[in-house]
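Residue-level structural notes
Given next are the chains, with one letter for each unit.
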Amino acid sequence: MSMGAYDEVEHERRERKNSEVDVSDDDRRTEYRGKVEYESDESTEELLDQFKEINS
């Protein structure tokens, strides 16, 4: 069995499984409202540099 054939079968199996899931009104996610404040001595540039370093 080729990898492609396996993926297709697995995909169909998951589709069926997903379509069988019943979502009741009680299941809806709670919506949170609020605000987050973040204080830092670092400049935006410094934070961006850190972010780029982490992702490289």
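What comes next is a walk through the structure. (Residues numbered from 1 in each chain as written. Predicted model: local features only at pLDDT ≥ 70, side-chain atom pairs only at ≥ 80, totals over all residues. Heavy atoms only, no water.)

**Description of the overall build of the protein**
Each helix and strand counted, the protein has 2 helices and 0 strands in total. Burial status across the protein gives 2% buried among its 56 residues. Entry remark: accessible area of the protein is about 6400 Å², with carbon and sulfur atoms responsible for 46%. (Helix = DSSP H or I, 4+ residues; strand = E, 2+ residues; numbered from the N terminus. Buried < 20%, exposed > 50% of the residue type's maximum accessible area, 1.4 Å probe, protein only. Areas by Shrake-Rupley, 256 points an atom, 1.4 Å probe, with all protein chains shown as cover.)

**Comments concerning helix α2 (residues 44-55)**
Between its terminal C-alpha atoms α2 stretches 16 Å, which fits the 16 Å expected from 12 residues at 1.5 Å a residue. Buried residues are scarce in α2, accounting for 0 of its 12 residues. (Expected span 1.5 Å × (residues − 1).)

**A short note on a negative patch on the surface**
A cluster of like negative charges, contributed by E39, D41, E42, E45, E46, D49 and E53, occupies part of the molecular surface. Relative to the helices and strands, E45 is located in helix α2. (Patch = residues over 30% accessible without salt bridge, like charges linked within 9 Å, V, L, I, M, F, W, Y side chains within 5 Å. Salt bridge = Lys/Arg side-chain N within 4 Å of Asp/Glu carboxyl O. Lys, Arg positive; Asp, Glu negative; His and termini not counted. Charge placed at Lys NZ, Arg CZ, Asp CG, Glu CD.)

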